[in-house]
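So the chains spell out like this:
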Amino acid sequence: MTHTAELKNGLDQLALGLNEQQLALLDGYLTLLAKWNHTYNLTAVREEQRMVSYHLLDSLSLVPHLNGGTRLLDVGSGGGMPGIPAAIARPDLQVVLLDSNHKKTTFLRQAVIELGLPNVEVITSRVEAYQPEQKFDRITSRAFAELAEFVKLTPHLLAEGGQYLAMKGVYPYEEISLLPETVAVAEVLPVSVPGLDAERHLVRMVAK
């Protein structure tokens, strides 16, 4: 199965209802990621075929949980996951990709230009130093930090009534037990990613 066919098959299983243009953008992003990865070491996954499930479909599993949100912050975006796939799937969503690594944000800016994503902004900054004009009603991270660190570094960025959406592997019992009193776990959802034989969970948290 080609990576495009695998992507189509995975999108059908996720029932996201994306159109051909969005599929082409996801395919283009995967090509850019694989090309730049040789030089910039954006991900440990080298093969495009494996990137489909490990990166694209895993990132897209977040999309159904973004309903009601208008501004998404992807903290420690790295190679653009989950922010770029989410932005492609939800062009109505304003997405900011935040990372302190200049090489990674150079790639992200180039990807945004080449893919033509008007709803995406790239910021090079440490998360605690980032002071946007407008806060975010959804803040996500995929491989940034443990939950306690994630929420301790971002309270100034969460809008009133906003949600943290942390993408995790196995059920993070210990990380949840170490969360500060200022945050409550609303739910921990098991997530099924097509083609990925590994546990995935989404931790939805809110400020108390």
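Scroll up to find the structure.
All values derive from a computational prediction rather than experimental measurement.

## Digging into the packing of aromatic side chains
- One pass over the structure, following the stated rule, counts 3 aromatic pairs.
- Measuring from ring centre to ring centre gives 5.4 Å for phenylalanine 150 and tyrosine 164, while their planes differ by 70°; the resulting arrangement is edge-to-face. Note that phenylalanine 150 is positioned in helix H6 (residues 147–152) and tyrosine 164 in strand S5 (residues 158–168), a separation of 14 residues in sequence. The same class applies to phenylalanine 150 as to tyrosine 164, namely buried.
- Directly above the ring of phenylalanine 136 sits arginine 71, whose terminal nitrogen or CZ lies 4.3 Å from the centroid.

## Section: the sheet that holds strand S6 (residues 183–190)
- Taking strand neighbours across the sheet as the criterion, the 7 strands line up as S3-S2-S1-S4-S5-S7-S6 in an open arrangement whose pairing is mixed. The two strands at the open ends of the sheet, each matched to only one other strand, are strand S3 (120–124) and S6. Strand-to-strand twist across the sheet, computed as the mean angle between neighbouring axes with direction ignored, equals 20°.
- Across 5 bridges, the pairing between strand S2 (residues 94–99) and S3 is parallel. Across the sheet, the residue bridging to leucine 97 is valine 122, located in S3.
- Against the sheet, helix H5 (residues 102–115) contacts S2 and S3, and its axis sits at roughly 165° relative to S3.

Calculation rules
Residues numbered from 1 in each chain as written. Predicted model: local features only at pLDDT ≥ 70, side-chain atom pairs only at ≥ 80, totals over all residues. Heavy atoms only, no water. Phe/Tyr/Trp six-rings, centres within 6.5 Å; stacked < 30°, edge-to-face > 60°. Helix = DSSP H or I, 4+ residues; strand = E, 2+ residues; numbered from the N terminus. Buried < 20%, exposed > 50% of the residue type's maximum accessible area, 1.4 Å probe, protein only. Lys NZ or Arg CZ within 6 Å of the ring centre and 35° of its normal. Pairing = 2+ DSSP bridges. Axes fitted to C-alpha atoms, helices over the stretch in contact; angles between N-to-C directions. Contact = heavy atoms within 4.5 Å.

Shape descriptors only; they carry no functional weight alone.
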